[in-house]
Amino acid sequence: MQHKAKNGQLEGIFLSFAAMLSFSLGGLCVFRAKALSPLALNSARCFAAALLTLCFFKLTKRRPGKLLPALPGAFCMALTGFFYIYTAQLSGGAVAIALQYTSPVFSVLALWVFWKKRPAPLSFLAAACVALGAAACCATLPKGQGLITGMATGLLFAGVFLAGNLPGADPLTSCLLGELMSALWGINQLLGSSPSAESLFWAALMGMVQTGLAYLLLSLALKKLDAGSVNIICAQEPAFNILWLALFGAQWPSPNQIWGCSAILTGAVLLTRELYKPEQSGYDEEKEKTARRRHDFCAARGKTGGRQNENIGIL
């Protein structure tokens, strides 16, 4: 059993890393498809992503979940995609993704205000780290352009995770609905533009890999690994985004943006660990140890021919 659990964890780590690499291509795709407006690019990539998600439903014979519980997550996802692309075109992919990872701050605030879960002292330090990093990222931008839309991306991205915990919500159904909403939202601008073949290629690649494949891998990873670990692995996305832009986009970040992204990632990792502590997810370590001792004791008594049933009754 332990061997199977370990293999499952390793598989979850691999899937999370693959999802993170897929997500990290977003900045490069936005840079290459900059001839398209944010609405048109979001529409094109979501058409491709929805096609992939529908194929996944078909191949796995999976039925979509209920519509109403999936709507909040779908709205948050659709708006997250639009604001991310808009911010990336204004301030660059690295800054857009870094600001998106301010989402744990909004998650902590929402849990405090609406669910009455007071944050630990470490959460306040991590939130300050994220705030300083966001300020550093935007310090070199003219008039702080991209800061408001970037913070909106973080707020809405937090909404995606929080909405996924609502009763009856199915993350994959929300994902599909969000993709269809975004595709239809910007279809007029997409059809009214005259994009080049290169822009359409990068938009399709963004939809198939950075959106469709990435979210499918993420949903599979969450079945193998706890949400906190998955989030921490995915938080490395801005670093790889900077790498792809530097190698293939000739877009080099400034020193302020580098240490600002680092500060945001540090704060995001600390906040994620705080959000997904075992005791907050219903896990009790002492109860687990007691249950294991009880199981081992009963198994040992059974092997030696002892009065197993009586011992179980005493325990």
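Scroll up to find the structure.
Residues numbered from 1 in each chain as written. Predicted model: local features only at pLDDT ≥ 70, side-chain atom pairs only at ≥ 80, totals over all residues. Heavy atoms only, no water.

(A) Structural view of the overall build of the chain. A count of helices and strands for the chain gives 16 helices and 0 strands. The proportion of buried residues among the 315 residues of the chain is 46%. In the chain, of all internal contacts separated by at least 6 residues, the share reaching a separation of at least 24 is 89%. Counting only carbon and sulfur atoms, one obtains 67% of the accessible surface of the chain, whose full area is about 16,700 Å². (Helix = DSSP H or I, 4+ residues; strand = E, 2+ residues; numbered from the N terminus. Buried < 20%, exposed > 50% of the residue type's maximum accessible area, 1.4 Å probe, protein only. Contact = heavy atoms within 4.5 Å. Areas by Shrake-Rupley, 256 points an atom, 1.4 Å probe, with all protein chains shown as cover.)

(B) Structural view of the packing of aromatic side chains. Applying the stated criterion across every chain, the model contains 7 aromatic pairs. Taking the centre distance of 5.5 Å and the plane angle of 75° together, the rings of F201 and W202 count as edge-to-face. (Phe/Tyr/Trp six-rings, centres within 6.5 Å; stacked < 30°, edge-to-face > 60°.)

(C) Molecular detail of the pattern of salt bridges. Under the counting rule described, the total for this entry stands at 2 salt bridges. Notably, a salt bridge pairs E11 with K224, separated by 3.7 Å at the nearest N-O pair. In this pair, E11 is assigned in helix α1 (residues 2-23) and K224 in helix α11 (residues 197-224), connecting sequence segments 213 residues apart. Taking the relative accessible area as the measure of exposure, E11 reaches 38% and is therefore partly exposed. Judged by its relative accessible area of 39%, K224 is partly exposed. A salt bridge links R62 to D170; the nearest nitrogen and oxygen atoms lie 2.8 Å apart. With R62 in the loop between α3 (38-60) and α4 (67-91) and D170 in the loop between α8 (147-163) and α9 (171-185), the pair connects residues that are 108 residues apart, well separated along the chain. Accessibility expressed as a relative area gives 27% for R62, which makes it partly exposed. By relative accessible area, D170 is classed as buried at 14%. (Salt bridge = Lys/Arg side-chain N within 4 Å of Asp/Glu carboxyl O.)

(D) Expanded view of the side chain of E179. Along the chain, the position of E179 falls in helix α9. A polar contact of 2.9 Å, which involves the side chain of E179, links it to the side chain of T53. Once residues lying within four places of it in the same chain are set aside, the contact partners of E179 are C46, A49, A50, T53, M77, T211 and G212. (Polar contact = N/O pair within 3.5 Å; in protein donor to acceptor, adjacent residues only side chain to side chain.)

(E) Expanded view of α11. Helix length check: α11, at 28 residues, gives a terminal C-alpha distance of 39 Å against a target of 40 Å (1.5 Å per residue), a fit within 8%. When the local axis directions of α11 are compared, the greatest deviation, roughly 30°, occurs at L213. (Expected span 1.5 Å × (residues − 1). Bend = angle between axes of the 7 residues up to and from the residue.)

(F) The packing of helix α6 (residues 103-114) against α8, seen in detail. Between α6 and α8, the shortest axis-to-axis distance is 7 Å and the interhelical angle comes to 55°. One element, α6, and the other, α8, form an angle in the oblique class. The handedness of the crossing between α6 and α8 comes out as right-handed. On the side of α6, the interface is formed by S103, F106, S107 and A110, while α8 contributes M151, G154, L155, F157, A158 and L162. In terms of residue class, the contact of α6 with α8 is made up of 7 nonpolar, 3 polar and no charged. (Axes fitted to C-alpha atoms, helices over the stretch in contact; angles between N-to-C directions. Parallel < 35°, antiparallel > 145°, perpendicular 65-115°, else oblique. Left-handed = near helix turned anticlockwise from the far one by under 90°. Nonpolar A, V, L, I, M, F, W, Y, C, P; charged D, E, K, R; others polar.)

(G) Structural context of the side chain of T102. Looking at the element boundaries, T102 is found in the loop between α5 (93-100) and α6. Taking the relative accessible area as the measure of exposure, T102 reaches 1% and is therefore buried. In terms of polar contacts, T102 uses its side chain to reach the backbone carbonyl oxygen of L99, at 2.6 Å. Ignoring sequence-local partners within four residues, the contact set of T102 consists of V130, M151 and G154.

(H) Region of the structure containing unusual backbone geometry. For K61, which is not glycine, the phi dihedral falls at a positive 55°. With respect to the helices and strands, K61 occurs in the loop between α3 and α4. Under the relative-accessibility criterion, K61 is labelled exposed at 75%.

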